[in-house]
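# Fold and geometry: a report
The residues making up each chain are set out below.
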Amino acid sequence: MYLEIITPDKKVFAGEVESAQFPGSNGSFEVLNLHAPLISTMESGRIRITTRQGQEFFTVDGGVVEVLNNKIIVLAESVTE
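Description of the structure in this document. Residue positions are given per chain, counting from 1 as you read along its sequence in written order. Totals for whole chains, interfaces and linings use all residues, but because this is a predicted model, local features are given only for residues with pLDDT of at least 70 and pairs of side-chain atoms are given and counted only at 80 or more. As a rule here, side-chain values cover all heavy atoms of the structure and leave hydrogens and water aside.

## Let's talk about the overall build of the protein chain
Secondary structure summary: the protein chain contains zero helices and eight strands in total. Numbering goes from the N terminus for both helices and strands, where a helix is a DSSP run of H or I of at least four residues and a strand is a run of E of at least two. Ordered by position from the N terminus, the helices and strands of the protein chain form the series β-β-β-β-β-β-β-β. It is over C-alpha atoms that the radius of gyration is taken, and the globule rule equals 2.2 Å times the number of residues to the power 0.38. For 81 residues, the compact-globule formula gives about 12 Å, and the C-alpha radius of gyration of the protein chain, at 11 Å, lands near that figure. When its C-alpha atoms are laid out on the principal axes, the protein chain stretches across 25 × 25 × 20 Å. Classification of residues uses two cut-offs on accessible area relative to the type maximum, computed with a 1.4 Å probe and protein chains only: under 20% is buried, over 50% is exposed, and between them is partly exposed. Within the span of the protein chain, comprising 81 residues, buried residues form 41% of the whole. For the protein chain, the share of sequence-separated contacts (at least 6 apart) that also reach a separation of at least 24 residues comes to 43%. Note that His is not counted, nor are the chain ends; the positive residues are Lys and Arg, and the negative ones are Asp and Glu. A charged residue contributes its charge at one atom only: NZ of Lys, CZ of Arg, CG of Asp or CD of Glu. The averaged location of the 11 negative side-chain charges in the protein chain is 5 Å from the averaged location of its 6 positive side-chain charges. For this analysis, residues touch if any pair of their heavy atoms sits within 4.5 Å.

Below is the structure:
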């Protein structure tokens, strides 16, 4: 599935991932291949993505996640790697 992490300043990440875990407002959640459509707000916390090369982590200060048709778009207020 394809993931984009975007802030108001720049595109932080774009590429294929096997899974992604997010700090949702009601608790953390994970998105896997062929996940049902979803829109959720995020609290400040850490995003964990798993690619074929391994895991990467991004710390966000809140935002919104949209999952639709095997594409994940993260609109984050700010991101630190």
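## Notes on the nonpolar core
Counting 21 residues, the largest nonpolar core has Leu3, Ile5, Phe22, Ile47, Ile72 and Val74 as the members making the most contacts within it. Of all elements in the fold, only strand 1 (2-6), strand 2 (11-16), strand 3 (19-24), strand 4 (27-32), strand 5 (38-51), strand 6 (54-68) and strand 7 (71-76) reach the threshold of two or more residues within this core. A per-element tally of this core places strand 6 first, with four residues. Leave out the neighbours within four places in its chain, and Ile5 touches Lys10, Lys11, Val12, Phe13, Ile47, Phe58, Val74 and Val79. Put simply, buried Ala, Val, Leu, Ile, Met, Phe, Trp, Tyr and Cys residues joined by side-chain atoms within 4.5 Å make one nonpolar core.

## As for unusual backbone geometry
The backbone phi angle of Asn69 is positive, close to 55°, even though this residue is not glycine. Exposure remark for Asn69: the relative accessible area of 71% places this residue in the exposed category. The phi dihedral of Asn70 falls on the positive side, at around 65°, and the residue is not glycine. By the element assignment, Asn70 lies in the loop between strand 6 and strand 7.

## Describing the pattern of salt bridges
Within this document, salt bridges are pairs made up of a side-chain nitrogen of Lys or Arg and a carboxyl oxygen of Asp or Glu, the two lying within 4 Å of each other. In this structure the tally under the stated criterion is two salt bridges. The shortest N-O distance in the salt bridge between Lys11 and Glu4 comes to 3.3 Å. Lys11 gets classed as partly exposed once you look at its relative accessible area, which sits at 49%. Note that Arg48 and Glu30 form a salt bridge whose closest N and O atoms lie 3.2 Å from each other.

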